[in-house]
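This is what each chain is made of:
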Amino acid sequence: MTAPAWTIPSVRAALEAKKVSSRELTSEFFACIERRNPELNAFLALSPDRAFAQADRIDAIIARGEQLPPLAGVPVAVKDVISTCGVRTTCGSRILENYVPPYDATAVGRLESAGAIVLGKTNCDEFAMGSSNENSAYGPVRNPVALDRVPGGSSGGSAAAVAAGLAVAALGTDTGGSIRQPGAFCGIPAMMGTYGRVSRYGLIAFASSLDRIGPFATTVRDVASILAVIAGRDSSDSTSVPVPVPDYAADLDRPVRGLRIGIPREYFGEGMDLIVRQKVEAGIRLLESLGCVPVELRMPHTDFAIATYYIVATAEASSNLARFDGVRYGLRVPGATLLDMYKKTRGRGFGSEVKRRIMLGTYALSSGYYDAYYLKAQKVRTLIARDFAEAFQQVDVIITPTSPSPAFRLGDKTDDPLQMYLADIYTVTGSLAGVPGISVPCGKTPDGLPVGLQVFGPHFGESLVLQLAYAFEQARGSSV
Amino acid sequence: MSPGILARYEPVIGLEVHLQLRTGTKLFCACSTRFGDPPNKNTCPVCLGLPGALPVLNRGALDLAIRAALALHATVHERSRFARKNYFYPDLPKGYQISMYEMPLATAGWLEIPLDGATKRIGITRLHMEDDAAKNLHEGFPDSDRNSYIDYNRCGVPLVEIVSEPDIRSPEEAYAYLTTLKQVLEYTGVSDCNMEEGSLRCDANVSVRRRGEDKFGTKAEVKNLNSFRYLQHALEYEIERQIGVLESSGRVEQETRLWSVAAGRTEPMRSKEFAHDYRYFPEPDLLPVHVSEALKAEILSKMPELPDAKRARFLREFQITPYDAGVLTTTRALADYFEAAVNAGAPPKSAANWIQTELLRRLNDAGKEIAESPIAPAALAELLRIIERGQITGASGKKVFAKMFETGDPASKIVAAESIGQISEAEIERACREVVEKNPDNVAKYKAGNDGVFKFFVGQVMRATRGQASPQLVNGTLKRLLS
């Protein structure tokens, strides 16, 4: 890559030094997108009007010599399951092909209030259901690191856009790994905060009790800066939590010496690529060299996580996706009767993976099956959360691989949904437990494919997670 | 069907009542609940169920629901939970209703209904909160033969559903239950209970069994009982229908039936319309509802006086008849009016009489509610005090009342302007003397012991004074002159 990799601090410095105007920088990014997007397919929609209007506001602030807001002029991309007022939001689905939200998601509003520039909407698996971005109705995203590989999913477009330098940062959503796994596949840091840390208002729900909005960026510091802006209680989301938001970026430099890092044995078993194991184990040794103390852990309910996740998530999805019925917005395929219209609209509007999950979820909630599936899954979910709670009695953070393999080839797993589901095996646990987690790059395979290391922290332990990730990132950078 | 056959069966009825809570805004968003606004005026991303929008519970609605539950002597649970009830229909923009299922707000209450001069206690199974659906409009548009329209103003309006135990044994009891329930909830300010505007809706679970049997028969759910009249008709019809089925050796189907006002009968709904598996599950977008003892105590402390308590107090404090107390406490507004008049100095007994006769009649003629009365309680009190003092007669008082109702002027002003103040004792004395002098025959009859003729003298004096003389004074004066 030839273009200088912009970061939040470098954008700020350039604007303050008047080396570039916000409008010029924004144009530069749109030009970059125009060049690269045809092959990457990371963006589904661009919002130049909105972006330039915001850039002009920033330039006016600079002209007046006023204090710049924290994300002034930072070009960002937003996953297409997050509502943007006046900008088409499809969720990667045919059923919302023409849907333009009349309101902004809280996270988007907060980014813009902090001065960020929303460039456009990024491709994703349909309704965030997938682990490779191949379930988008608008075609797969290609991994900028290796174009024949998937970028991961479901927030593949956001990950690819940031990794390719088409945005300084991006918002993704994580339900079972949809931020962390693409972050790992594309070789950039990617984080989900504690459930309730970031408002879900405006996030088009896949699984309400699991969905979280979180940032992608090229540095841990930038991830921390974005998270600090979007986090915090929102009166529009009852499940957002009124816990104060620390200045994450300011806390990054705290020493990690003496931190106890938990290594759960269940995450280093069968099914993991050898190279991933080697890289993650090397990462753990690097942390050890920084003074962290590894502690071997048992998290006995880990094996049930995938099954639990696919019951809870699909059950909620079957209800959340009921509103796409052709009555008020989005696709409507006319039918002879109301029922006929419903069937045709949903039949043609949804892709096969979405239909599969609606079927699974509907079944799990059906009378006579509810206790055996949904209720049982909720109980196991509690046990998995307890595994985490108990682990955090012994350790400060938990270290695992993000994904059992590096980015796989497009088409490799599309015929085998179960194989695809297993790509989330190390990420869904944290999703079910509601704890914060980050994926940070921890080296590359001989083919040059990035490997991710995942850090889980206790509830609202984002600062700790970020500190560790930052120390790791800095140590790796200096050891290269 | 012969009364003999009907008498062999006992109906078993439970009612499910939906009431709109009296809040300014909807259950999960800040949109207005105002009735009658232009279609789809009061909508937002939340109540339209737009993708990504999330519900936030209206605290005011929760407080009202708790008040309703406490007024019905129900146990309000420390922890309850909203749940999603999933089904597809165009009036349901989210594809699910946010209701309560396994963990309702309150359970195990009761309501006492008047029955044959005594009372009967009807159990209340549960009370829970939910959001209302939109309104489908199938008529009144140029293209109504092809298209339907949807008005989402009502969508998201807060409701409570109150489910009774199957303790009701006749359509009359059902009527009494609904009337009493309405009265209690109106009193507590929980709901307007306006059936025309759809703020009170009722479904019934009906079965019949042979008298003496313990087991319940198979029940049918009858929907659309949205007026007190329909309720009784529909229940009578449905009871007879089920008895008819059993008498002809048939089996009552467990089904949902719709009361057809036009046909005057219940009709089965097409199975597809109700054969739902609602797939209830806890609403993940809302936190569980916590109701502390402190909140319950606070709501209870602010609970308005309930009808039974008010009736008893009126009897005790104002010495009016039980009948009057019953009528005057029919609605809280009427009771408040009565009490305000008494507090402003009206004699309780005459206030009770005047309100029930003059005021209610004229309000009824004018199509007005008590709250819209042109005569304020204090103004009525002034009039009744003038009458009590003997300044004007009751008969004149009625004329003054009419004028007050018409103009809104105070009684004193009308009495002064129309010079209908009662005439002086001297004038009465003169009139009485004149009548006695002009009717020697009748004087003789009276003196001979014919007391009945006394009325004649009174009548004559009243006529001479155009009804403005104080009857007591006239009586006294005549008795003196004739003795």
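It should be noted that the structure appears before, not after, this text.
As the structure is a prediction and not an experimental result, all values here were calculated from the model.

Trainee: It is not clear to me how the sheet that holds strand β5 (residues 96-100) of chain B should be interpreted in this structure. Could you clarify?
Mentor: By definition, the strands of a sheet pair up through backbone hydrogen bonds, in either a parallel or an antiparallel sense. Strand order across the open sheet formed by three strands is β5-β4-β15 (chain B), with antiparallel pairing between neighbours. Lying at the two open borders of the sheet, with one neighbouring strand each, are β5 and β15 (281-282) of chain B. As paired elements, strand β4 (residues 82-86) of chain B and β5 of chain B share five bridges and run antiparallel to each other. By the bridge assignment for β5 of chain B, R84 of chain B is matched with I98 of chain B. Here helix α10 (residues 305-320) of chain A sits on the sheet and contacts β4, β5 and β15 of chain B; the angle it forms with β4 of chain B, its principal contact strand, is near 65°.

Trainee: Which parts of the structure should I look at to understand the packing of aromatic side chains?
Mentor: In the structure shown here, the tally under the stated rule is 28 aromatic pairs over all chains. Between Y374 of chain A and F281 of chain B, the ring centres sit 5.7 Å apart and the planes meet at 65°, which makes this aromatic pair edge-to-face. Highlighted residues: Y374 of chain A in helix α13 (residues 371-394) and F281 of chain B in strand β15, drawn from two different chains. Under the relative-accessibility criterion, Y374 of chain A is labelled buried at 3%. For the pair F388 of chain A and F392 of chain A, a centre-to-centre distance of 6.3 Å together with 35° between the ring planes defines the contact as tilted. Taken as a pair, F388 of chain A and F392 of chain A lie in helix α13 at a separation of four residues, close to a single helical turn. With respect to class, F388 of chain A is no different from F392 of chain A; both count as buried. One aromatic cluster in this structure is built from Y99, F127, F324, Y329 and F350 of chain A. Of note, R88 of chain A hangs over the ring of Y138 of chain A, and the distance from its end group to the ring centre comes to 6.0 Å.

Trainee: Just to check I follow, could you spell out the sheet that holds strand β2 (residues 75-76) of chain B for this structure?
Mentor: Residue and element names in this part refer to chain B. Strand order across the open sheet formed by nine strands is β2-β6-β7-β10-β1-β11-β12-β13-β14, with mixed pairing between neighbours. Single-partner strands in this sheet number two, and they are β2 and β14 (265-268). Bridge analysis of strand β12 (residues 220-223) against strand β13 (residues 256-260) gives three bridges, and the strand direction is parallel. Directly across from E221, in β13, lies its bridge partner T256. Lying on the sheet, helix α2 (residues 59-71) is in contact with β2, β6 (106-115), β7 (118-131) and β10 (158-164); it crosses β7 at an angle near 160°. With respect to the sheet, helix α4 (residues 228-247) is in contact with β1 (9-20), β11 (200-210), β12, β13 and β14, its orientation differing from that of β11 by roughly 25°.

Trainee: Teacher, can you tell me more about helix α2 (residues 22-40) of chain A here?
Mentor: Three- or four-residue spacings in an α-helix give side chains the same orientation, since the helix completes a turn every 3.6 residues. All names here are of chain A. The end-to-end C-alpha distance of α2, which contains 19 residues, comes to 25 Å, matching closely the 27 Å that a straight helix rising 1.5 Å per residue would cover. Along its length, α2 shows its largest kink, about 35°, at E34, and proline P38 lies within four residues downstream of that point. Inspection of α2 places S22, L25, T26, F29, F30, C32, I33, N37 and L40 among the buried residues, and these make up the whole buried set. Buried positions along α2 lie against α1 (8-16), β1 (43-46), α3 (48-63), β2 (75-79) and β3 (117-122). Where α2 terminates, the next one or two residues include N41, which has phi positive at roughly 60°.

Trainee: Please explain the pairing of β13 of chain B as it appears in this structure.
Mentor: Every regular strand shows the same layout, with side chains that alternate between the two sheet faces. Residues and elements named next belong to chain B. With four of its five residues buried, β13 lies for the most part within the structure. For the handedness criterion, the β-α-β arrangement of β12, α4 and β13 is classed as left-handed. Summarising the sheet, β13 and β14 pair through four bridges and their orientation is antiparallel. Counted as the bridge partner of L258 is E267 from β14. Where β13 folds back on β14, the antiparallel hairpin that results is connected by four residues, among which G264 adopts a positive phi of roughly 70°.

Reading the values: rules and limits
- Residues numbered from 1 in each chain as written.
- Chains lettered and ligands numbered in written order.
- Predicted model: local features only at pLDDT ≥ 70, side-chain atom pairs only at ≥ 80, totals over all residues.
- Heavy atoms only, no water.
- Pairing = 2+ DSSP bridges.
- Helix = DSSP H or I, 4+ residues; strand = E, 2+ residues; numbered from the N terminus.
- Contact = heavy atoms within 4.5 Å.
- Axes fitted to C-alpha atoms, helices over the stretch in contact; angles between N-to-C directions.
- Phe/Tyr/Trp six-rings, centres within 6.5 Å; stacked < 30°, edge-to-face > 60°.
- Buried < 20%, exposed > 50% of the residue type's maximum accessible area, 1.4 Å probe, protein only.
- Lys NZ or Arg CZ within 6 Å of the ring centre and 35° of its normal.
- Expected span 1.5 Å × (residues − 1).
- Bend = angle between axes of the 7 residues up to and from the residue.
- Right-handed = clockwise from strand over helix to strand, strands pointing away.

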